[in-house]
Structures are given as C-alpha cells and as structure tokens.
Amino acid sequence: MVHMIDRVTLHILDGDSARRAQLARLAFAAGHHAEIYANTEELLAHAPSGGLVLAHDDPPGLAVPSLIAAMMRAGQWLPVIAIAEVPDTVAVVSAIKAGALDYLGVPQQIGPLNDAIARAAREAETHRAQRARAAEARQRIARLSLREREVLDRLAEGCSNKAIARDLEISPRTVEIHRMKMMGKLGARHAAEAVRLRIEATGLDAA
C-alpha cells in the first residue's frame, strides 16, 4: 500500500536522459511534481525555491558533495536525496557528511521513493530551522568590531579575561570593555549565549 504524503516538487538531477525520464514518471505516479535537469548549472540557473533534489551521485562520492557545495555558494540550499545504481559505502558517507539527507539505490517503486521523501521532508524542516538561526547569528556577529570578534573567539575557546588579555596584549579591563560591547551587540545576556551564537554562525558552513 502506498502511504499518502504531501505533494512535493522533486528536482531530478541526472546526466542520463532515460533515467531522468524514468524517475520523473515515478515521481508523477507517486503524486508529486517533477522538474528535470541534466547538470548542476541547469539546476542553479532555474534557482528553485522549494522542494527536494533527487540527485544521481555520479561520479560516486563526488557529484553530490559538489552539488551541495555549489548550492551553498549560490545561497540556494535545498534538501538533497542522493541516488546511485548501487550505493557504495564510501560514497554514502561522503554524501551524508556533505549534507545529503538520504542515499538510495535508484528507486524503481513508489513506496521506497515516498518513504525517502517523507523522511527527507521531516529532516529538511530541522535543517531549515538550524540555517535560519545560523543566518541570524551570523548577521549579529557581523556587527562586531575586529577586536570584539577576537574576544568572542577566545571566549569560545574557554579563555578567561586574563588569558584573553595576555593573548591580545591588552589589559584585562580593556578585555572587559570589549566583552561588554560585544555582548550588547549580540543581544547576549551571558557568555554562554554569546558562545552559542558563534557556534550557530559557524554551523552555517558546516551544515
């Protein structure tokens, strides 16, 4: 039995036209909409704002990480499900580390495809929330002066005011002033909150 799930737009990225057509037919049969692309450039030129990318990982372990990196540079992040004829462990690890939400054998039936889409859609919401927080944290940190940013970086490494003062060759009192200004600009009530903002901001690169 095919489970009913929300209709999504599947952006199918595959250099093989026959497989693209097969996947599009499967997507439509599963009740989704499909858009097809022969390469990453086509996908980025189309600049889709929603949906899921179903991307053939060819060459294995390289194509999907490269796609995700290109989307990040273009500011067009979409959740990615990687597919391959025979998923290889090294390629799967590489794609998941790069940010792919799932990695499947090329789907032949509606059930496994819908299961993967449902999982990816749930995870995508979490990723979107993380990225929204990261973007906001990055905007706040961008307001800091270079010195305030240096104080925050060292605070995040667990340094005390005295250690920061030694490292930056300024007085502990000056560190305290920079720290107070930094906290004010970040809207942070305490050091842990400032450190969390810094971790969230750098998380945008890691995501």
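Refer to the structure presented above.
Residues numbered from 1 in each chain as written. Predicted model: local features only at pLDDT ≥ 70, side-chain atom pairs only at ≥ 80, totals over all residues. Heavy atoms only, no water.

Pairing of strand E1 (residues 9–13) with strand E2 (residues 33–37), which is carried by 5 bridges, proceeds in the parallel orientation. Residue pairing for E2: Thr 9 is matched across the bridge by His 33. Remark: the E1/helix H1 (residues 17–29)/E2 crossover connection has right-handed handedness. (Pairing = 2+ DSSP bridges. Helix = DSSP H or I, 4+ residues; strand = E, 2+ residues; numbered from the N terminus. Right-handed = clockwise from strand over helix to strand, strands pointing away.)

As a further point, take unusual backbone geometry. At the junction of Asp 58 and Pro 59, the peptide bond is cis and its omega measures out at 5 degrees in the coordinates. By the secondary structure assignment, Pro 59 is in the loop between strand E3 (52–56) and helix H3 (63–74). Of note in this structure, Ala 47 is not a glycine but carries a positive phi near 50 degrees. One can find Ala 47 in the loop between helix H2 (40–46) and E3.

Where empty space is left in the structure can be found by rolling a water-sized probe over the atoms. The computed volume of the largest pocket comes to approximately 190 Å³. As for the largest pocket, its lining consists of 15 residues, and the residues nearest its centre are Leu 13, Ala 38, His 56, Asp 58 and Ala 63. Going through the elements one at a time, H2, E3 and H3 are the ones with two or more residues in the lining of the largest pocket. The element that contributes the greatest number of residues to the lining of the largest pocket is H3, accounting for 3 residues. By residue class, the composition of the lining of the largest pocket is 6 nonpolar, 4 polar and 5 charged. (1 Å grid on protein atoms, 1.4 Å probe; cavity = no way out; pocket = protein on both sides within 12 Å on 5 of 7 lines; lining within 4 Å. Points joined across faces, edges and corners; volume = space filled by probe spheres on them. Nonpolar A, V, L, I, M, F, W, Y, C, P; charged D, E, K, R; others polar.)

What follows is about the nonpolar core. Ranked by internal contacts, the top residues of the largest apolar core, which has 20 residues, are Leu 10, Ile 12, Leu 52, Leu 54, Ile 81 and Ile 117. Of all the elements in the fold, those that place two or more residues in this core are E1, H1, E3, strand E4 (80–84) and helix H5 (110–141). Residue contributions to this core peak at 5 residues, all from H5. (Core = buried A, V, L, I, M, F, W, Y, C linked by side-chain atoms within 4.5 Å. Buried < 20%, exposed > 50% of the residue type's maximum accessible area, 1.4 Å probe, protein only.)

Once their charged atoms are close, side chains differing in charge can pair, the charge on each being opposite to the other. With the rule as written, the count across this model stands at 11 salt bridges. Note that Glu 193 is salt-bridged to Arg 189, the shortest N-O span being 3.0 Å. The exposure class of Arg 189 is exposed, given its relative accessible area of 69%. Several salt bridges share partner residues, and in doing so they unite Asp 14, Arg 19 and Glu 85 into one network. (Salt bridge = Lys/Arg side-chain N within 4 Å of Asp/Glu carboxyl O.)

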